[in-house]
Amino acid sequence: MTPFKLNNLVRWMRVLCLIPMIVLPSVATAEPLRVFAAASLKTALDEIAAMYETDTATEVSISYGGSSLLARQIGAGAPADVFISANVGWMDDLARQGRIDETTRLDLLRNSLSVIAARGKPALSSLADLQTALGTGKLAMAQTNAVPAGIYGKAALSSANIWQDLQAQVAQTDNVRSALALVASGAAPFGIVYQTDARAENRVTVAFPIPDSMHPPIIYPVAAINTNDRSRAFIDFLTSQTADQVFEAQGFTPVEHR
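This text gives an overview of the structure that appears in the document. (Residues numbered from 1 in each chain as written. Predicted model: local features only at pLDDT ≥ 70, side-chain atom pairs only at ≥ 80, totals over all residues. Heavy atoms only, no water.)

### Points about the side chain of serine 67
As a reminder of what qualifies: Helical segments are the DSSP runs of H or I of at least four residues, strand segments are the runs of E of at least two, and each set is numbered from the N terminus. What qualifies as a polar contact is a pair of N or O atoms within 3.5 Å, subject to a donor-acceptor requirement within protein and to the restriction that residues adjacent in sequence count only when both atoms come from side chains. Working rule for contacts: check all heavy atoms of both residues, and any pair within 4.5 Å makes them a contact.
Inspection of the secondary structure puts serine 67 in helix 3 (residues 67–75). Within the local environment of serine 67, its side chain forms a polar contact with the backbone nitrogen of alanine 86, the two atoms lying 2.9 Å apart. The contact partners of serine 67, leaving out residues within four places of it in the chain, are Ala38, Phe83, Ser85, Ala86, Asn87, Trp90 and Pro148.

### Description of the packing of helix 2 (residues 42–56) against helix 11 (residues 241–249)
Here is the rule: Here the axes come from fitting lines to C-alpha atoms, over the contacting stretch only for helices, and the angles between their N-to-C directions go from 0 to 180 degrees. When describing relative orientation, an angle under 35 degrees is termed roughly parallel and one over 145 degrees roughly antiparallel, while 65 to 115 degrees is termed roughly perpendicular and anything else oblique. For any pair of crossing helices, the crossing counts as left-handed if the nearer helix is rotated counterclockwise from the farther one by less than a right angle, and right-handed if it is rotated clockwise.
Close contact between helix 2 and helix 11 brings their axes to 9 Å; oriented N to C, the two are set at 155 degrees. Here helix 11 runs roughly antiparallel to helix 2, going by the angle between their axes. Note on packing geometry: the crossing formed by helix 2 with helix 11 is right-handed. On the side of helix 2, the interface is formed by Ala44, Glu47, Ile48 and Met51, while helix 11 contributes Thr242, Ala243, Val246 and Phe247.

### As for the pairing of strand 5 (residues 113–118)
Our working definition: Exposure classes here rest on a 1.4 Å probe applied to the protein chains alone. A residue is buried below 20% of its type maximum, exposed above 50%, and partly exposed in between. Paired strands, as defined in this entry, are two strands with at least two bridges between them according to DSSP.
Among the 6 residues in strand 5, 6 count as buried, and that is most of the element. With burial as the criterion, each face of strand 5 is covered, one bearing Leu113, Val115 and Ala117 and the other bearing Ser114, Ile116 and Ala118. As paired elements, strand 5 and strand 8 (residues 190–194) share 5 bridges and run antiparallel to each other. The residue bridging alanine 117 from the neighbouring strand is phenylalanine 190, located in strand 8. Pairing analysis gives 6 bridges linking strand 5 to strand 9 (residues 204–210), with the strands arranged antiparallel. Within strand 9, the position partnered with isoleucine 116 by the bridge is valine 206.

Next up, the structure:
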């Protein structure tokens, strides 16, 4: 091979070696922001996340479920950037494990409970009337010893002095949206869910709004799991006026942060 051809070959090899350095960064994409959130937030949070993605070009991946299950997954090391719980206790549990950034933690929302009914079922004048209206039917609720909506619902039934009589008729589900689905499908004549869930499903009616005095305050705390600029930015957006309007439209009460 002549010196001229050898020099040309060396030049081309150098160019080829540079190509991956030029191409790879242009096709690389950032990891999505991973949010673990209580199932009751789905309708509102899906809308808020879509707006956030449009505004920031940051992909948001949301895993919904019962707060208890999500907290246990995070405690076991599941990859998450932000956690929104429907119960202060599960956030406290993660704090004791050192899993959250305490500097980012804040109370985000409040909610209320309602007894919901399948179509054709009567409204109730009190929570105590549920026992008679239910008859031998099932009462759909999230898990009463683990999932926040179930815990709050059990407390309300205990306040009305009917928990002991009704507990054998409770059809327990992994999360509150599953309890909602049981009533919406007609599989259960009544259920206890958040008022925001009742608004999200037009196949059910509110048979009785449960007074807040009958159960502990329903508070949704939020905190960063992996502390970074993206986690903080998303939490900031959740407390913005834009997000507040979406939450309020779904029946949540935003906690004042400004």
